[in-house]
Amino acid sequence: MTEEELALVEAALYVTGRPLSLGTLSSVLGTRSKGKVLRIAQSLMERYNSYNCALEVLEVKNQRFVMQLKAGYAPRAKKVSLRPILTAGPLRTLSYIAYHQPVLQTKVIEVRGSHAYRHLKLLEEQNLITRKGAGRTSVIRTTNLFADYFGLSHDSRALKRQIKSIFKLE
């Protein structure tokens, strides 16, 4: 593995800000060898673990890799971030969906109000939810990107437990 290959994987992870599969990283490197890509990504992960910096490279489910801010730096760094991914309203709608999923769109609108139509459109555009037709309404679920972005489980039962503990619901 070369320094350029490490730099290419680093650049891809940095610019996307979301987990990338070995297949995607393979295309960035111009190779078909997923074993080689795995070694490069794991080497980059080890490098970041040895640095004393605010960023980290993590391996998440299904051999995907992500570059992110270390948790300890997030609260202070958020103060200067340009714009959060979601404002309070869409975030509340998203948390309702995550906890109650799969949930009917009619139920989301009933609980969150008609303004939730805009929230749903935004959440779908950001690939945080999926909507599938079910008669005259839709069934809404969160996506894997949602789980990865918020550091939650892909398993719906575990995800609900995590959300419950976060919000201290009873």
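Details of the structure are given in the entry above.
Residues numbered from 1 in each chain as written. Predicted model: local features only at pLDDT ≥ 70, side-chain atom pairs only at ≥ 80, totals over all residues. Heavy atoms only, no water.

Novice: In this structure, what is going on with the overall build of the chain? I would like to understand it.
Specialist: What the chain contains, in helices and strands, is 9 helices and 6 strands. Across its three principal directions, the C-alpha atoms of the chain cover 55 × 35 × 30 Å. Classification of the 170 residues of the chain by burial places 34% in the buried group. Across the chain, contacts joining residues at least 24 apart in sequence account for 46% of those joining residues at least 6 apart. About 10,800 Å² of surface is accessible on the chain, with carbon and sulfur atoms providing 51% of the total. (Helix = DSSP H or I, 4+ residues; strand = E, 2+ residues; numbered from the N terminus. Buried < 20%, exposed > 50% of the residue type's maximum accessible area, 1.4 Å probe, protein only. Contact = heavy atoms within 4.5 Å. Areas by Shrake-Rupley, 256 points an atom, 1.4 Å probe, with all protein chains shown as cover.)

Novice: So what exactly am I meant to see when it comes to helix H2 (residues 22-29) here?
Specialist: It helps to recall that an α-helix has 3.6 residues per turn; residues three or four apart then point in one direction. The set of residues buried in H2 consists of Leu22, Leu25, Ser26 and Leu29. Along H2, the residues classed as buried sweep out an arc of 110° about the axis, all on the same side. On the buried face of H2, the contacting elements are helix H1 (3-16), strand E1 (20-21), helix H3 (34-50) and strand E3 (64-69). (Arc of directions from axis to C-beta.)

Novice: Honestly, the sheet that holds strand E4 (residues 103-104) in this entry has me stumped. Any pointers?
Specialist: Hydrogen bonds between backbone atoms are what pair the strands of a sheet, whose relative direction is either parallel or antiparallel. Taken in spatial order, the 3 strands line up as E4-E6-E5 in an open sheet, and their pairing is antiparallel. A strand with exactly one partner marks an edge of an open sheet, and here the two such strands are E4 and strand E5 (129-134). Of the strands in this sheet, E5 and strand E6 (137-142) touch helix H7 (residues 116-125), which is tilted by about 115° from E5. (Pairing = 2+ DSSP bridges. Axes fitted to C-alpha atoms, helices over the stretch in contact; angles between N-to-C directions.)

Novice: I'm lost on the sheet that holds strand E2 (residues 55-60) in this one. Help?
Specialist: Taken in spatial order, the 3 strands make up an open sheet running E1-E3-E2, and their pairing is antiparallel. At either end of the open sheet lies a strand with only one pairing partner, and these are E1 and E2. Note that E1 and E3 share 2 bridges and pair antiparallel. Looking at E3, one finds that Ser21 is bridged to Arg64. Each of E1, E2 and E3 touches H1; the most contacted strand, E3, lies at about 65° to it.

Novice: Help me understand the packing of H1 against H2, please; the structure alone is not making it clear to me.
Specialist: A pair of packed helices can be characterised by two numbers: the angle between their axes and the separation between those axes. Viewed as axis vectors pointing N to C, H1 and H2 meet at an angle of 125°, and their least axial separation amounts to 10 Å. For the element pair H1 / H2, the angle class is oblique. The handedness of the crossing between H1 and H2 comes out as right-handed. Two secondary-structure elements touch here, H1 through Glu5, Leu8, Val9 and Ala12 and H2 through Leu25, Val28 and Leu29. Grouping the constituent residues of the contact of H1 with H2 by class yields 6 nonpolar, no polar and 1 charged. (Parallel < 35°, antiparallel > 145°, perpendicular 65-115°, else oblique. Left-handed = near helix turned anticlockwise from the far one by under 90°. Nonpolar A, V, L, I, M, F, W, Y, C, P; charged D, E, K, R; others polar.)

Novice: Sorry if this is basic, but what is going on with the packing of aromatic side chains here?
Specialist: The relation between two aromatic rings is expressed through the spacing of the ring centres and the mutual angle of the planes. Scanning the entire structure with this criterion turns up 1 aromatic pair. Relative to Tyr51, the ring of Tyr48 has its centre 5.3 Å away and its plane inclined at 65°; by these criteria the two rings are edge-to-face. Looking at Tyr48, the relative accessible area reads 7%, which means it is buried. (Phe/Tyr/Trp six-rings, centres within 6.5 Å; stacked < 30°, edge-to-face > 60°.)

Novice: Help me out: how do you make sense of the pairing of E3 in this one?
Specialist: On any regular strand, side chains alternate: one points to one face of the sheet, the next to the other face. Looking at chain direction, E2 and E3 are connected through 6 bridges and run antiparallel. Following the sheet pairing, Val57 is matched in E3 by Met67.

Novice: Even after reading the chapter, I still don't get the packing of helix H5 (residues 88-100) against H7, so can you show me in this structure?
Specialist: Where H5 meets H7, the axes come as close as 9 Å, and the angle between the chain directions of the two elements is 80°. With respect to each other, H5 and H7 are oriented roughly perpendicular. Residue-level contacts link Gly89, Pro90, Thr93, Leu94 and Ile97 of H5 to Ala116, His119, Leu120, Leu122 and Leu123 of H7. When grouped by side-chain class, the residues that make up the contact of H5 with H7 number 7 nonpolar, 3 polar and no charged.

Novice: How do you make sense of the pairing of E6 when you look at a structure like this?
Specialist: Judged from the 2 bridges that link them, E4 and E6 form a sheet pairing that is antiparallel. Its bridge partner lying in E6, Val103 is registered against Ile140. Two successive antiparallel strands, E5 and E6, enclose a turn made up of 2 residues, where Gly135 displays a positive phi of approximately 75°.

In short, shape yes, function no, at least from these values alone.
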